[in-house]
Amino acid sequence: YMGSDDFESNPEQTFYWFKEAAKKGDDMGLYNLGYCYKNGIGVTEDNEKAAECFKKAAELGNADAMCELGGYYRFVLFDPSKAKMWYQKAADLGHVDAINELGDCYAVGFGVAEDAEKAVEYYKKAADLGHVDAINELGYCCAVGYGLAEDTEKAVEYYKKAADLGKIDALLGVGVICENKGDFADAVTYYTQAAEKGVPYAYLNLGKCYLEGKGFTQDLAKAEELINKAEELGVEASEIKEELLDR
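The following refers to the structure shown. (Residues numbered from 1 in each chain as written. Predicted model: local features only at pLDDT ≥ 70, side-chain atom pairs only at ≥ 80, totals over all residues. Heavy atoms only, no water.)

To continue, consider the packing of helix α8 (residues 116-128) against helix α9 (residues 132-144). For the pair α8 and α9, the least separation of the axes is 8 Å and the interaxial angle reads 140°. As the angle between them shows, α8 and α9 are arranged oblique. When you trace α8 past α9, the crossing you get is left-handed. On α9, the residues touching V120, Y123, K124, A126 and A127 of α8 are A134, I135, E137, L138 and C141. Each residue belonging to the contact of α8 with α9 can be placed in one class, and the counts come to eight nonpolar, no polar and two charged. (Axes fitted to C-alpha atoms, helices over the stretch in contact; angles between N-to-C directions. Helix = DSSP H or I, 4+ residues; strand = E, 2+ residues; numbered from the N terminus. Parallel < 35°, antiparallel > 145°, perpendicular 65-115°, else oblique. Left-handed = near helix turned anticlockwise from the far one by under 90°. Contact = heavy atoms within 4.5 Å. Nonpolar A, V, L, I, M, F, W, Y, C, P; charged D, E, K, R; others polar.)

On the surface, E236, E239, E242 and D246 cluster together to form a negatively charged patch. If you trace the backbone, E236 turns up in the loop between α14 (220-232) and α15 (238-246). (Patch = residues over 30% accessible without salt bridge, like charges linked within 9 Å, V, L, I, M, F, W, Y side chains within 5 Å. Areas by Shrake-Rupley, 256 points an atom, 1.4 Å probe, with all protein chains shown as cover. Salt bridge = Lys/Arg side-chain N within 4 Å of Asp/Glu carboxyl O. Lys, Arg positive; Asp, Glu negative; His and termini not counted. Charge placed at Lys NZ, Arg CZ, Asp CG, Glu CD.)

Enumeration according to the criterion identifies twelve salt bridges in this entry. Several salt bridges converge on common partners, so that one network encompasses K118, E121 and K125.

L33, L69, Y87, Y123 and L204 are the most contacted members of the largest nonpolar core, which has 79 residues in total. Among the elements that line this core, the one with the most residues is helix α13 (residues 200-212), at seven residues. Excluding residues that lie within four positions of it along the chain, L204 makes contacts with I227, A230, V235, A237 and I240. (Core = buried A, V, L, I, M, F, W, Y, C linked by side-chain atoms within 4.5 Å. Buried < 20%, exposed > 50% of the residue type's maximum accessible area, 1.4 Å probe, protein only.)

Quick look at the structure:
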């Protein structure tokens, strides 16, 4: 049922068949049953039961389940050592999401000592396997010189590749690089493209451009409109709004 039309139209039946497969010790049945519990598909959402299913599937060698366990220990139980352990097990089996998550762990020091170079190493491994978030992270690393030499041209290359793969907020990164170089017209182009796709911070950056007259004639009313839009989408904008009031 996973991936079929019945998955959405008959969630209870989907859950039933995954449960039947799980009873027979099928690792994918157990993984999919865990997925149902995690997301409330055909059953009440239950993170503990999801984790039980994922653990059984992981013990049968299911790398997807190992990665899910990493996420469970990271985001639900906040257990850094177990999160890292399960991500590592999945990564050792070539699981691309787990490889990227290990990059995040090394970047923030979750379950391991913070290590910028190690983070970049994992991001590169995941990026080579086509992981869009890893490609985007490499764009940031190159832009700011995190874990490797600063290289804005390479950063733009990574950001554009990520955007082409559907990571639309990567366009924001390209815009920031352009703005920092003084290429305000190009910056506005990328911010506008990102804003049209609903990227919250793109509205904020466009508002700042109108506020400061970068790429546009200064327009305080337009700046306020865009900054308010960013705030509606959850962006903290109090500091820039104070600056707007001072104008």
